[in-house]
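Fold and geometry: a report
For reference, the chains in residue letters:
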Amino acid sequence: MDGPWTLSLRIPQWCPSFAVRAGRTTGTGAGEDAPGGRAACTEDGWLRLERVWAPGDRIVLELDLAPRLTRADPRVDAVRGCVALERGPLVHCLEEADHPGGGLDDVVIDADAPPTTEFRPGLLGGVPVVVASGRRRAASRSGTWWPYQDGGAPFAGDPAEDGGELLRLTAVPYYAWANREDGAMRVWIPTG
């Protein structure tokens, strides 16, 4: 083909920014012109590169894998008020092995603190983990075995009331869980 033609590359919804190189030119996901051709459009999730292509042209697409918090649809009752930790296309999860001292049922995440990524070479042969701030709710102070409380009173053990124990949450890729020791695992983490 002698004239220009369009090459379409999928930009996933989870990707907040990207960089693309075609030949010797570079563009970004910030509305710049496509490398060596007309403007790239990503409104519908596709990056379109239109140019005259030559044999041996090389295209490099770099997708941003920044960690993020994802909320479920609030109509899903089981995870209402919870978030999942994700990095790129991968879902991450908390494991009890990384959070000793009481299981994961009382762990809440600080949704206002942005998560970060760390590479742990000694963990499961070397994996990137997502790290976030959180708390472990304090044990109920009701002084009774009955787990329910007066609906009008603040919930005893609510981190907003007593602060709870500060935690550094470590989330491993979902594909890698259950490879160290028996224990709880959690994907959807309450926000408080």
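All values derive from a computational prediction rather than experimental measurement.

What about the environment of Asp-112?
- Positionally, Asp-112 belongs in the loop between strand 9 (107-109) and strand 10 (116-120).
- Asp-112 sits in the exposed class, given a relative accessible area of 75%.
- Here the alpha-carbon distance between Asp-112 and Thr-191, two residues 79 residues apart in the chain, equals 9.3 Å.

Section: a nonpolar patch on the surface
- Among the surface-exposed residues, Trp-145, Trp-146 and Tyr-148 lie close enough to one another that they form a single nonpolar patch of about 480 Å² accessible area.
- Its place among the elements puts Tyr-148 in the loop between strand 11 (127-136) and helix 1 (159-162).
- You can call Tyr-148 exposed: its relative accessible area is 59%.

Points about the pattern of salt bridges
- For the structure on display, the rule yields 12 salt bridges.
- In this structure, Glu-62 engages Arg-21 in a salt bridge whose closest nitrogen and oxygen atoms are separated by 2.9 Å. One end of the pair, Glu-62, is in strand 5 (residues 59-63); the other, Arg-21, is in strand 2 (residues 18-22), with 41 residues separating them in the sequence.
- A relative accessible area of 39% places Glu-62 in the partly exposed class.
- A salt bridge links Glu-118 to Arg-168; the nearest nitrogen and oxygen atoms lie 2.1 Å apart. Of this pair, Glu-118 sits in strand 10 while Arg-168 sits in strand 12 (residues 165-173), and the two are 50 residues apart along the sequence.
- Note on Arg-168: relative accessible area 48%, which makes it partly exposed.
- Among the ionic contacts, a cluster of salt bridges with common partners joins Glu-95, Asp-98 and Arg-180.

A closer look at unusual backbone geometry
- Backbone geometry at Leu-124 places phi at a positive 55°, although glycine is not the residue there.
- By the element assignment, Leu-124 lies in the loop between strand 10 and strand 11.
- Despite not being glycine, Ala-178 has its phi angle at roughly 70°, a positive value.
- With respect to the secondary-structure elements, Ala-178 resides in the loop between strand 12 and strand 13 (185-186).

Concerning the confidence of the model for the protein
- When pLDDT is averaged along the protein, the result is 85; 81% of the residues meet or exceed 70.
- Throughout residues 30-39 the model reports pLDDT below 50, and contacts reaching past four residues in sequence, or to other chains, amount to 25 contacts.

Points about the packing of aromatic side chains
- The full count for this structure, using the stated rule, is 2 aromatic pairs.
- Look at Trp-5 and Trp-53: their rings are 5.7 Å apart centre to centre, the planes differ by 45°, and that puts the pair in the tilted class. Here Trp-5, found in strand 1 (residues 5-10), pairs with Trp-53, found in the loop between strand 4 (46-51) and strand 5; they are 48 residues apart in sequence, far enough to count as distant.
- The exposure class of Trp-5 is partly exposed, given its relative accessible area of 33%.
- Using a relative accessible area of 12% as the deciding quantity, one classes Trp-53 as buried.

Rules used in this analysis
- Residues numbered from 1 in each chain as written.
- Predicted model: local features only at pLDDT ≥ 70, side-chain atom pairs only at ≥ 80, totals over all residues.
- Heavy atoms only, no water.
- Helix = DSSP H or I, 4+ residues; strand = E, 2+ residues; numbered from the N terminus.
- Buried < 20%, exposed > 50% of the residue type's maximum accessible area, 1.4 Å probe, protein only.
- Patch = residues over 30% accessible without salt bridge, like charges linked within 9 Å, V, L, I, M, F, W, Y side chains within 5 Å.
- Areas by Shrake-Rupley, 256 points an atom, 1.4 Å probe, with all protein chains shown as cover.
- Salt bridge = Lys/Arg side-chain N within 4 Å of Asp/Glu carboxyl O.
- pLDDT = per-residue confidence, 0-100.
- Contact = heavy atoms within 4.5 Å.
- Phe/Tyr/Trp six-rings, centres within 6.5 Å; stacked < 30°, edge-to-face > 60°.

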